[in-house]
Protein chains: 2
Amino acid sequence: MDVRTLCLGALMGGEATGYEIRKMFEDGTFSHFQIASLGSIYPALTKLTQDGLVTFVEHEQENRPDKKIYQLTSEGRRTFLRTLLQTRPAEDRYRSDILFMLTFAEEMPIELTEALIDEFAARHELMSQQIDPENTDKPAHQKSNARDENGELRPGCCFVAGLGQAMRNATLKFIRENKQGLLDELKARKTNKS
Amino acid sequence: MDVRTLCLGALMGGEATGYEIRKMFEDGTFSHFQIASLGSIYPALTKLTQDGLVTFVEHEQENRPDKKIYQLTSEGRRTFLRTLLQTRPAEDRYRSDILFMLTFAEEMPIELTEALIDEFAARHELMSQQIDPENTDKPAHQKSNARDENGELRPGCCFVAGLGQAMRNATLKFIRENKQGLLDELKARKTNKS
DNA sequence: GACTGCATGTAACCGGTTACATGATTCG
DNA sequence: CGAATCATGTAACCGGTTACATGCAGTC
């Protein structure tokens with residue numbers, strides 16, 4: 001799925017600026033399973049405007065560059081919905097340098113192994129907080145995209161967020177339960193060899 | 001982490017052909033958290049050979065193109081280890097078209113939602129079988145990379161594989177427990193609206 | 001007869017990242 | 001006083017994917 005489609009999806013939850021769209025992928029609703037950087041979002045939005053799938057209203061701001069608040073056109077909405085129906089979703093892909101590196105735990109100093117595990121846990125802990133199912137406490141002006149026009153939580157979002165949460169919890173639990181075991185075994189091996 | 005480094009890592013478990021390396025990322029040890037396609041592996045291997053980080057022996061085969069069996073040089077090994085020590089691992093990224101699509105469950109026919117969930121579950125189930133911690137039953141000629149020269153399971157690999165397994169299990173469990181709930185809620189909403 | 005697995009390789013293409021440019025404000 | 005947040009935009013670059021080329025063996 002290219003950034004254009006992703007942007008259309010982001011705008012399904014209501015109007016937003018390019019900057020806010022990035023936040024949805026960085027912090028918000030979509031952060032666990034899609035990414036997109038500003039360098040790709042802005043051109044995508046421009047292209048979508050040319051194709052008539054989105055429109056924007058320019059809001060002047062003092063001491064700040066003008067805000068472009070984007071919105072789906074009815075054709076944009078239709079196009080996105082059609083895409084949903086027609087797209088064969090690509091395979092999921094999870095990339096993790098840390099896990100790749102940990103595969104070689106034997107070959108590196110134990111302190112590094114521990115540091116890597118801790119960093120892994122810390123990062124996931126952070127994400128975990130961001131998805132917190134009842135992230136209702138966020139300031140109202142933040143486009144969360146998880147609610148529809150009536151302010152109701154979209155069931156699809158709940159489901160997906162819940163799934164993300166379940167994954168993270170399992171990850172963190174596994175680390176809590178197995179980190180020490182790994183470190184101990186590595187230590188044992190080292191003393192055996194020397 | 002670029003494909004070159006990934007290839008070096010793949011060869012840490014012993015010699016392998018380009019084709020076998022791809023399998024490690026497709027099916028094997030690394031399949032859950034890194035990917036690499038043949039189109040990137042072969043050029044990477046060529047480059048690594050030029051740089052003296054790997055060598056290969058050509059094995060003639062009948063009725064088949066020659067096999068190039070690659071192996072780390074001692075410099076390759078050193079380089080890889082240095083990379084492990086020096087690299088700041090990039091952020092983990094999980095991309096899932098299916099989860100993105102499911103976010104918009106409200107907007108699509110219930111059958112599609114169900115089909116997507118089922119496909120998601122099926123794919124994860126498949127991966128789950130591939131990582132099966134005691135995947136000892138695989139034919140011996142398959143380079144698994146999970147064992148060291150003495151045939152012992154590398155503790156790092158165990159840990160990472162276990163983590164992958166824990167994630168998958170949590171995912172599948174969540175789906176079992178919440179799929180029907182989501183579908184029911186979607187149905188309820190539809191009848192409410194009409 | 002078609003497809004999959006083994007086995008290597010090349011090259012066009014494309015998409016996204018990174019980095020730069022600009023600039024005020026607020027927080028630590 | 002520097003860093004981060006808000007806010008947009010451009011362009012070079014790069015890395016990897018996709019598709020093509022080749023060919024035999026075994027399976028469905």
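Just so we're clear, the structure is a prediction, and the values are computed from it rather than from any experiment.

Novice: Give a detailed account of the overall build of chain A, specifying residues and quantitative values.
Specialist: Helix and strand content of chain A: seven helices and three strands. Listed by position from the N terminus, the elements making up chain A come as α-α-α-β-β-α-β-α-α-α. For chain A, contacts bridging at least 24 residues in sequence account for 58% of all contacts bridging at least 6. Total accessible area computed for chain A in this model is approximately 9,900 Å², and 49% of it derives from carbon and sulfur atoms.

Novice: Report on the relation of the copies chain B and chain A, specifying residues and quantitative values.
Specialist: Under the fitted operation, chain B is carried onto chain A by 0.0 Å of movement along the axis and a turn of 180°, and the coordinates agree to an RMSD of 0.0 Å. A rotation of that kind, with that shift, is consistent with a two-fold axis. Considering only C-alpha atoms, the part of chain B nearest the rotation axis is B:Tyr94, at 2.1 Å. Here 100% of the contact residues of chain B are again contact residues in chain A; the copies associate through an equivalent surface.

Novice: Go over the environment of A:Arg77 with me, naming the residues and quoting the values.
Specialist: Mapped onto the secondary structure, A:Arg77 falls in helix α4 (residues 74-86). Sequence separation of A:Arg77 and A:Gly9 is 68 residues, and the distance between their C-alpha atoms is 8.7 Å. In contact with A:Arg77, not counting residues within four places along its chain, are A:Met12, A:Leu72 and B:Glu107.

Novice: If you had to explain the interface of chain B and chain A to someone new, which residues and values would you point to?
Specialist: Tallying the contact residues gives 69 residues for chain B and 69 residues for chain A. Buried area between chain B and chain A, summed over both chains or domains, comes out near 6,800 Å², and the portion from carbon and sulfur atoms is 66%. Looking at the side of chain B facing chain A, the largest losses of area belong to B:Arg95, B:Phe100 and B:Phe159, adding up to 12% of the total buried there. Counting across the chain B and chain A interface gives nine salt bridges. If you look at where chain B meets chain A, you find 26 residue pairs in polar contact (both at pLDDT 80 or more). Of all elements in the fold, only α1 (3-11), α4 (74-86), β3 (93-95), α5 (97-102), α6 (110-131) and α7 (155-193) of chain B reach the threshold of two or more residues within the side of chain B that touches chain A. Tallying contributions element by element places α7(B) first for the side of chain B that touches chain A, with 19 residues.

Novice: So what's going on with the packing of helix α7 (residues 155-193) of chain A against α7(B)? Which residues, and what values?
Specialist: At a minimum axis separation of 8 Å, α7(A) and α7(B) run at an interaxial angle of 165°. In terms of orientation, α7(A) and α7(B) fall into the roughly antiparallel class. As α7(A) packs across α7(B), the resulting crossing turns out to be right-handed. Residue composition of the contact of α7(A) with α7(B), grouped by class: 20 nonpolar, eight polar and six charged.

Novice: Which residues make up the protein's contact with DNA strand D, and what are the values?
Specialist: A:Tyr19, A:Tyr42, A:Lys67, A:Lys68 and B:Ser37 are the nearest of the 21 residues found near DNA strand D. When atoms of DNA strand D within 4 Å of the protein are sorted by moiety, sugar and phosphate together comprise 73%. One of the side-chain nitrogen or oxygen atoms of A:Tyr42 is found 3.0 Å away from a phosphate oxygen of DNA strand D. At 3.1 Å from a phosphate oxygen of DNA strand D is found a main-chain nitrogen or oxygen belonging to B:Val3. Breaking the surface near DNA strand D down by element, the ones donating at least two residues are α2 (18-26), α3 (38-50) and β2 (67-72) of chain A together with α3 (38-50) and β2 (64-72) of chain B. Broken down by element, the residue count for the surface near DNA strand D peaks at three residues, all from α3(A). Split into classes, the residues belonging to the surface near DNA strand D amount to seven nonpolar, eight polar and six charged.

Novice: Would you mind going over the nonpolar core in detail, with residue names and values included?
Specialist: In terms of nonpolar packing, the biggest core is built from 98 residues, with A:Ile21, A:Leu102, B:Ile21, B:Leu102 and B:Phe159 touching the most fellow members. When residues in this core are grouped by element, the largest group, eleven residues, is from α7(A). Here B:Phe159 is in contact with A:Leu102, A:Ile117, A:Phe174, A:Ile175, A:Asn178, A:Lys179 and A:Leu182, once residues within four sequence places are set aside.

Novice: Can you lay out the confidence of the model for chain A for me, pointing to particular residues and giving the numbers?
Specialist: Atomic detail in the predicted coordinates should be set aside for any region of low pLDDT. Scored by pLDDT, chain A has a mean of 88; 87% of the residues are at 70 or more. Note on residues 133-141 of chain A: pLDDT under 50 across the span, and five contacts to partners over four residues away in sequence or across chains.

Novice: Can you break down α3(A) residue by residue, with the values?
Specialist: All names here are of chain A. When the terminal C-alpha atoms of α3 are compared, their 18 Å separation across 13 residues agrees well with the 18 Å that a helix rising 1.5 Å per residue should span. Of all the positions in α3, only Ile41, Ala44, Leu45 and Leu48 are classed as buried. Down the axis of α3, the buried side of the element spans an arc of 100°, and every buried residue falls inside it. Facing away from the buried surface of α3 by more than 90 degrees, the exposed residues are Gly39 and Gln50. Tucked inside the fold, the buried residues of α3 contact α1 (3-11), α2, β1 (54-59) and β2. At the exit of α3 stands glycine 52, carrying a positive phi of roughly 75°.

Novice: Account for the pattern of salt bridges, naming residues and giving values.
Specialist: When the charged atoms of two side chains lie near each other, side chains of opposite charge can form a pair. Applying the stated rule across the entire model yields 23 salt bridges over all chains. Ionic pairing is found between B:Glu119 and A:Arg88, a salt bridge with its closest N-O pair at 2.7 Å. In this pair, B:Glu119 is assigned in helix α6 and A:Arg88 in the loop between α4 and β3 (93-95), connecting two distinct chains. Of the charged contacts, one joins B:Glu91 and A:Arg123 as a salt bridge, the two residues approaching to 4.0 Å between their closest N and O atoms. With B:Glu91 in the loop between α4 and β3 and A:Arg123 in helix α6 (residues 110-131), this residue pair bridges two chains. Classification of B:Glu91 as exposed rests on a relative accessible area of 53%. Residue classification places A:Arg123 among the buried positions, given a relative accessible area of 14%. A single network of salt bridges, built from pairs that share partners, joins A:Glu106, A:Glu107, A:Glu185, A:Arg189, B:Arg77 and B:Arg154.

Cut-off values and rules
Residues numbered from 1 in each chain as written. Chains lettered and ligands numbered in written order. Predicted model: local features only at pLDDT ≥ 70, side-chain atom pairs only at ≥ 80, totals over all residues. Heavy atoms only, no water. Helix = DSSP H or I, 4+ residues; strand = E, 2+ residues; numbered from the N terminus. Contact = heavy atoms within 4.5 Å. Areas by Shrake-Rupley, 256 points an atom, 1.4 Å probe, with all protein chains shown as cover. Least-squares fit on C-alpha atoms with pLDDT ≥ 70 in both. Buried area = accessible area lost by both parts, 1.4 Å probe. Salt bridge = Lys/Arg side-chain N within 4 Å of Asp/Glu carboxyl O. Polar contact = N/O pair within 3.5 Å; in protein donor to acceptor, adjacent residues only side chain to side chain. Axes fitted to C-alpha atoms, helices over the stretch in contact; angles between N-to-C directions. Parallel < 35°, antiparallel > 145°, perpendicular 65-115°, else oblique. Left-handed = near helix turned anticlockwise from the far one by under 90°. Nonpolar A, V, L, I, M, F, W, Y, C, P; charged D, E, K, R; others polar. Near = heavy atom within 4 Å. Core = buried A, V, L, I, M, F, W, Y, C linked by side-chain atoms within 4.5 Å. Buried < 20%, exposed > 50% of the residue type's maximum accessible area, 1.4 Å probe, protein only. pLDDT = per-residue confidence, 0-100. Expected span 1.5 Å × (residues − 1). Arc of directions from axis to C-beta.

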